[in-house]
Amino acid sequence: MSSEKNITGTISFEQPNTVSSLVVQLREKDPRSGVACLLEGCLSIWKADFSHVNKQLVPFFQSNEVSAKNLHLLFSVLAMTSDTAELKKILSSLRHHIISVLFRCDLVGDIPALLDALKFSKSSSKDYQSLIGQHLVGPLINTAYETNMLELAFYLENRYYTEYISRIETDKAFGHGMSAIKQSASEAGKRLSKQLDIPVPQHHEKQIVGFFVHSASMLAHISNIFQFLSACSTIDEVKFTPIIYCFSGRNEQFQNAFSSINVRIVYLDIDEQGKEISEVGKRLIYLKSLCSHHQVTHFVWVCLAVWMPYAFALKLAKKQIWWSQKWQKLNVPEIHTYIFSHGLIPKVKLNGVTWCNGWFQHQKWVSAPQPEKTSEIRQNFSGKVILGTLAREDKLTDNRYLSSVSAILKAHPNSIFLWTGRNRLPEIDEFFKNENVLEQTQFIGWVDTNIYAGVLDILLDTFPIGNGFTATQAMEMGTPVVIHKSNDEFRTMDLILGAMRFAGRSNKNRIAHMQRIFDFSSQKQYCLYTCAAHTEEYVSIASKLIVDLDFRHQVGKAYKIFVRDFMSDPAASARVFASHILE
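Residues numbered from 1 in each chain as written. Predicted model: local features only at pLDDT ≥ 70, side-chain atom pairs only at ≥ 80, totals over all residues. Heavy atoms only, no water.

Asker: Go over helix H23 (residues 549–566) with me, naming the residues and quoting the values.
Answerer: With 18 residues, H23 ought to run about 26 Å at 1.5 Å a step, and its terminal C-alpha atoms sit 26 Å apart, in line with that. All of the buried residues along H23 are Phe551, Arg552, Val555, Gly556, Ala558, Tyr559, Phe562, Val563 and Phe566. Buried residues of H23, viewed axially, fall in a sector of 160 degrees; they line one side. Opposite the buried face of H23, by more than 90 degrees, sit the exposed residues Leu549, His553, Lys557 and Arg564. For H23, the N-terminal cap is Asp548; the gap from its side-chain oxygen to the backbone nitrogen of Asp550 is 3.3 Å. (Helix = DSSP H or I, 4+ residues; strand = E, 2+ residues; numbered from the N terminus. Expected span 1.5 Å × (residues − 1). Buried < 20%, exposed > 50% of the residue type's maximum accessible area, 1.4 Å probe, protein only. Arc of directions from axis to C-beta. Polar contact = N/O pair within 3.5 Å; in protein donor to acceptor, adjacent residues only side chain to side chain.)

Asker: Explain the environment of Lys395 to me, and be specific about the residues and the numbers.
Answerer: Structurally, Lys395 is set in the loop between strand E9 (385–388) and helix H16 (399–411). For Lys395, a relative accessible area of 14% puts it in the buried group. Separated by 71 residues in the primary sequence, Lys395 and Gly466 have C-alpha atoms spaced 7.6 Å apart. A distance of 2.8 Å separates the side chain of Lys395 from the backbone oxygen of Gly466, its partner in a polar contact.

Asker: Describe the pairing of strand E10 (residues 415–420), naming the residues involved and giving the relevant values.
Answerer: Within E10, six of the six residues are buried, leaving the element largely enclosed by the surrounding structure. Judged by which residues are buried, E10 turns out to be covered on both faces: Ser415, Phe417 and Trp419 on one side and Ile416, Leu418 and Thr420 on the other are all buried. Note that E9 and E10 share four bridges and pair parallel. Looking at E10, one finds that Leu387 is bridged to Phe417. Of the crossover connections in this fold, the one passing from E9 over H16 to the parallel E10 is right-handed. In this view, the connection linking E10 to its parallel neighbour strand E11 (residues 441–445) by way of helix H17 (residues 426–434) has right-handed handedness. (Pairing = 2+ DSSP bridges. Right-handed = clockwise from strand over helix to strand, strands pointing away.)

Asker: Before we move on, can you summarise the pattern of salt bridges with the specific residues and values?
Answerer: According to the stated counting rule, one finds 24 salt bridges in the structure shown. The residue Lys89 makes a salt bridge to Glu86 at a minimum N-O spacing of 3.7 Å. Taken together, the positions of Lys89 and Glu86, both in helix H5 (residues 84–102) and three residues apart, correspond to about one turn of that helix. In this structure Lys89 comes out as exposed when scored by relative accessible area, which is 51%. A salt bridge links Arg564 to Asp565, with the nearest nitrogen and oxygen atoms 2.7 Å apart. Accessibility expressed as a relative area gives 56% for Arg564, which makes it exposed. (Salt bridge = Lys/Arg side-chain N within 4 Å of Asp/Glu carboxyl O.)

Asker: Report on the sheet that holds strand E2 (residues 241–248), specifying residues and quantitative values.
Answerer: For sheets, the rule is that strands pair by backbone hydrogen bonds, running either parallel or antiparallel. Spatially, eight strands are ordered E3-E2-E1-E4-E5-E6-E8-E7 in an open sheet, and the strand pairing comes out mixed. Edge positions in the sheet fall to strand E3 (264–267) and strand E7 (347–350), since each of these pairs with one other strand and no more. Across the sheet, the mean angle separating the axes of adjacent strands is 30 degrees when strand polarity is ignored. Alignment of E2 against E3, held across four bridges, turns out to be parallel. Each residue of the ladder has a partner; that of Tyr245, found in E3, is Val266. Lying over the sheet, helix H11 (residues 220–232) contacts strand E1 (208–215), E2, strand E4 (298–302) and strand E5 (319–324), oriented at roughly 160 degrees with respect to E1. Strand contacts of helix H13 (residues 280–293): E1, E2, E3 and E4, with the helix running at about 170 degrees to E2, the strand carrying the most contacts. (Axes fitted to C-alpha atoms, helices over the stretch in contact; angles between N-to-C directions. Contact = heavy atoms within 4.5 Å.)

Asker: How would you explain the environment of Met567 if you had to name every residue and give the values?
Answerer: Take Met567: it is sitting in the loop between H23 and helix H24 (570–582). With residues near it in sequence (within four places) discarded, Met567 still touches Trp359, Phe360, Gln361, His362, Trp365, Thr472 and Phe562.

Asker: Talk me through the pairing of E4; I want residue IDs and the actual numbers.
Answerer: The buried fraction of E4 amounts to five of the five residues, a majority that puts the element mostly inside the structure. Here E4 shows no split at all, with His298, Val300 and Val302 on one side and Phe299 and Trp301 on the other all buried. Strand direction decides the pairing type here: E1 and E4, joined by four bridges, are parallel. Its bridge partner being in E4, Phe212 is matched across the sheet by Trp301. In this sheet, E5 lies alongside E4 in parallel orientation, the contact comprising five bridges. By the bridge assignment, His298 is partnered in E5 with Lys319. The parallel pair E4 and E5 is bridged by helix H14 (residues 308–313), and the resulting crossover is right-handed.

Asker: I'd love a proper account of the packing of aromatic side chains, names of residues and values included.
Answerer: Think of a pair of aromatic rings as described by two things: how far the centres are apart, and how the planes are tilted against each other in angle. One pass over the full model with this rule turns up 39 aromatic pairs. Seen from their ring centres, Phe228 and Trp323 are 5.1 Å apart, and the 80 degrees between their planes marks the pair as edge-to-face. Residue Phe228 is found in helix H11, and its partner Trp323 is found in strand E5; the two are separated by 95 residues along the sequence. Trp323 carries the same exposure label as Phe228, and that label is buried. An aromatic cluster of three or more residues is present, and its members are Tyr145, Phe154, Phe212, Tyr245, Phe247, Phe299, Trp301, Trp307, Tyr310 and Phe312. The ring of Trp446 carries the charged tip of Arg422 above its face, separated from the ring centre by 4.1 Å. (Phe/Tyr/Trp six-rings, centres within 6.5 Å; stacked < 30°, edge-to-face > 60°. Lys NZ or Arg CZ within 6 Å of the ring centre and 35° of its normal.)

Asker: Describe unusual backbone geometry, and please don't skip the residues or the numbers.
Answerer: Following Phe463, the chain continues to Pro464 via a peptide bond in cis, the omega torsion being 15 degrees. Relative to the helices and strands, Pro464 is located in the loop between strand E12 (458–460) and helix H19 (469–476). Positive phi is not limited to glycine here, since Ala48 has a value of about 60 degrees. Mapped onto the fold, Ala48 is located in the loop between helix H2 (34–46) and helix H3 (53–62). One non-glycine residue, Asn262, lies in the positive phi region at around 60 degrees. With respect to the secondary-structure elements, Asn262 resides in the loop between helix H12 (252–260) and E3. Judged by its relative accessible area of 73%, Asn262 falls in the exposed class.

By themselves, these observations are geometric and do not establish any function.
If you want it as structure tokens, here you go:
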């Protein structure tokens, strides 16, 4: 290995003349120097002179001087490119070369660090994440699946989902992102399934239903499954035996909850002898063997779609079900039933498949209210109208939502906006700072929503993806919620409440009752259903709630009645979902 091969580790493009001199020196030693080509290409990118970048970089990829350090330099420079259109051109033209070298045995282990250098992370902008996800990481996943480098494929798919799909947080991004990789994942699963001597359980009298969750927790989607199974255990006519298959992690609350209703949990990270199973692929094979051993007749993949196309191609059960609690723009032949958790219409044709709908109900959405603590926190904001949202930080990053919140805060200087999340995203603070409302906002971290559902005077539901569980908690506490109307892009509580607009459909009695609760009429400018068709109306409704205390009280009361009458009968929703699973 020549000493020049990794010379780029000390390069600084802030001194372009020095870099140019180094290129000359390298060419004097070797007119075909790959590192010289790399430095020329990187310098052009640094200067935003893209006219010859591809011509400069191709010889580098064709040389024997491609190393992890040199690629790290290239990826770091690419990450600094503000011109996304040019970056897209570069990646499109060089993608074949990049993928070829990354899959070399001496470089494949460096892929995670190189993606870090490329700044493929939630800290980057949505546009950038989309570009890198679509034009590099997605193709890397497909190549990994196609070449049976399965652990790399699993790692990349999980990162792709977390850093790209969840970062964008729209059904469109989900559909585009998963559709781009589903075929290669499914084909890889089929290839392995043919090699495995594990029979698919056949139908028999006893119905055994497996539920797959990615991690042990009591986050909203798992809490919903717990409530469903808890209700099923009290209904004589619903007859099936559930088993939870948990991919990773331990959580005392999770364990205690399902144990309390006698639901067995099987952890996939240890085998029956207590030996650790570290690889994703081996855990999924173990899952298939367990399904066969336990004679699972119906298998439900809960919510998160990571690895689902691959796993279902392994043929885990005769009937395989995706129970989505958020996205719907994905279909694969190995899914036999699609269930969605936010719809009054029992069955709807969408994206070429039939979705079986229902909606979750909880006897109590606020499971552990603490009125003293709630009152104490409210005292900290005495004299202020307390606005806020209770959601993951990713849901707040849409500029349309942040612009609406900023407009509300500007119009009402006596208001404050509380926002939540595991991490304080700098881009949110920066947006509020640029709008001159930062001092009217406060990041409160990952809080107990049982408490904060009653702290807020008004919950400003996020969009295009709404709060869901926590919005319902606020409603139960009598807190008004401003919602954006649902459509192909926007997914909010309007998926359920919006049924008021369709009196001619099924569930006529329910819809009529809902209309009475909210004094719903298309002729009124403001009914008690505070749902906005566009951002201007969103700001207008919020403003009316801020200044009109009587209206605020009436709206809060209407939402509280709605939760009582429509969202508090877990047995009713359990019957609906159980029929979808077992039909």
